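Given next are the chains, with one letter for each unit.
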Amino acid sequence: PNWMFTQDGRYFNDFKFGILFIDEWDKGDADTKKALAPLILNRRIGNHQLHDGIYIVLGSNRTSDRSGSPKNFDFIINRRAEVHVTAEFGPWERWAFRAGMAPIFIMFAKKFPNLVFTNEVPRDQGPFCTPRSYVAAIRWLVARQQRFVDQGKEPPPNFGLNHQMEGLIVQAALAGIMGQA
């Protein structure tokens, strides 16, 4: 279609290979999913056809993750390949090193993979540790330390956890980001 082009103005079908990534597929309402079904199942919308080198990927969350994912249509589920992605330390470690994460945080994740890479949600709702929430907690800690530096102050050692009152504040903030892990 004339609306399906890249940032530099090239049409999608001009490429030998490509990926059409439809994110948050699981959050789409029934009418949207029905309208996209011909594209997903037959690579076609109206008189517009994607060639065989263009792959269609639907990004979704699992219904078990309590992320607002309703059930999907069986006529779509049964005619596509489904790949489940799980959190694992090895790939995350490679990402963390490339992202410049401090080794202490990588070692925590390595020592406690059952906390950071559980792939399950707790029975009760609330913040819980996942690779994403763990990284958010790390970024909060690092930003907090940087605020001391920006103010010309010496950041507290051990992120303030050694100080009684400061440690309680840090622990409460971290629990709010990633649960009690």
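Residues numbered from 1 in each chain as written. Predicted model: local features only at pLDDT ≥ 70, side-chain atom pairs only at ≥ 80, totals over all residues. Heavy atoms only, no water.

Considering the environment of Lys-34
By secondary structure assignment, the location of Lys-34 is in helix H1 (residues 30–42). In the structure, Lys-34 is positioned 128 residues away from Asn-162 in sequence and 56 Å away in space, judged by C-alpha atoms. (Helix = DSSP H or I, 4+ residues; strand = E, 2+ residues; numbered from the N terminus.)

Let's talk about the packing of aromatic side chains
Any pair of aromatic rings gets described here by the distance separating the centres and the angle formed by the planes. Tallied over the full model, the rule gives eight aromatic pairs. Residues Trp-92 and Trp-95 carry aromatic rings whose centres are separated by 6.2 Å and whose planes lie at 45° to one another, so their mutual orientation is tilted. Taken together, the positions of Trp-92 and Trp-95, both in helix H3 (residues 89–98) and three residues apart, correspond to about one turn of that helix. Under the relative-accessibility criterion, Trp-92 is labelled buried at 8%. On the accessibility criterion, Trp-95 (31% relative accessible area) is partly exposed. Between Phe-108 and Tyr-134, the aromatic rings sit 5.5 Å apart at their centres with planes inclined by 25°, giving stacked as the arrangement. Residue Phe-108 is found in helix H4 (residues 103–111), and its partner Tyr-134 is found in helix H6 (residues 131–150); the two are separated by 26 residues along the sequence. Among the residues examined, Tyr-134 registers a relative accessible area of 4% and is labelled buried. Taken together, the aromatic side chains of Phe-89, Trp-92, Trp-95, Phe-108, Phe-112, Phe-117 and Tyr-134 make up a single cluster linked through ring pairs. (Phe/Tyr/Trp six-rings, centres within 6.5 Å; stacked < 30°, edge-to-face > 60°. Buried < 20%, exposed > 50% of the residue type's maximum accessible area, 1.4 Å probe, protein only.)

Looking at the packing of H3 against H4
In contact at an axis separation of 10 Å, H3 and H4 are set at 175° when each is read in the N-to-C sense. Classified by the angle their axes make, H3 and H4 are roughly antiparallel. On the side of H3, the interface is formed by Phe-89, Trp-92, Glu-93, Ala-96 and Phe-97, while H4 contributes Phe-105, Ile-106, Ala-109 and Lys-110. (Axes fitted to C-alpha atoms, helices over the stretch in contact; angles between N-to-C directions. Parallel < 35°, antiparallel > 145°, perpendicular 65-115°, else oblique. Contact = heavy atoms within 4.5 Å.)

Focus: the pattern of salt bridges
Tallying each qualifying case throughout the model produces six salt bridges. Note that Asp-52 and Arg-43 form a salt bridge whose closest N and O atoms lie 3.8 Å from each other. On the basis of relative accessibility, which here comes to 67%, the residue Asp-52 falls in the exposed class. Judged by relative accessible area, Arg-43 falls into the buried class, the value being 18%. One salt-bridge network, in which partners are shared between bridges, spans Glu-24, Asp-26 and Lys-27. (Salt bridge = Lys/Arg side-chain N within 4 Å of Asp/Glu carboxyl O.)

Quick look at H3
All of the buried residues in H3 are Phe-89, Trp-92 and Ala-96. Down the axis of H3, the buried set is contained in an arc of 65°. They therefore lie on one face. More than 90 degrees from the buried face of H3, the exposed residues found are Arg-94 and Arg-98. Summarising the contacts, the buried residues of H3 are in contact with H4 and H6. (Arc of directions from axis to C-beta.)

A closer look at the layout of surface pockets
Space left empty within the atom packing is revealed by a probe, the size of a water molecule, rolled over the atoms. Of the pockets and cavities examined, the second largest pocket occupies roughly 390 Å³. Along the wall of the second largest pocket there are 17 residues; nearest its centre are Phe-108, Leu-141, Leu-161, Leu-174 and Met-178. Of the residues that constitute the lining of the second largest pocket, the class distribution is 13 nonpolar, four polar and no charged. (1 Å grid on protein atoms, 1.4 Å probe; cavity = no way out; pocket = protein on both sides within 12 Å on 5 of 7 lines; lining within 4 Å. Points joined across faces, edges and corners; volume = space filled by probe spheres on them. Nonpolar A, V, L, I, M, F, W, Y, C, P; charged D, E, K, R; others polar.)

What about the nonpolar core?
Of all hydrophobic cores here, the largest spans 19 residues; its most connected members are Trp-92, Met-101, Phe-105, Ala-109 and Tyr-134. Elements represented by at least two residues in this core include exactly H3, H4, H6 and helix H7 (164–178). Top contributing element to this core by residue count: H6, with five residues. Once residues lying within four places of it in the same chain are set aside, the contact partners of Phe-105 are Trp-92, Tyr-134, Ile-138, Leu-141, Val-142 and Phe-159. Core analysis: the next-biggest nonpolar cluster, separate from the first, contains 13 residues, Met-4, Ala-37, Leu-58 and Ile-76 among them. (Core = buried A, V, L, I, M, F, W, Y, C linked by side-chain atoms within 4.5 Å.)

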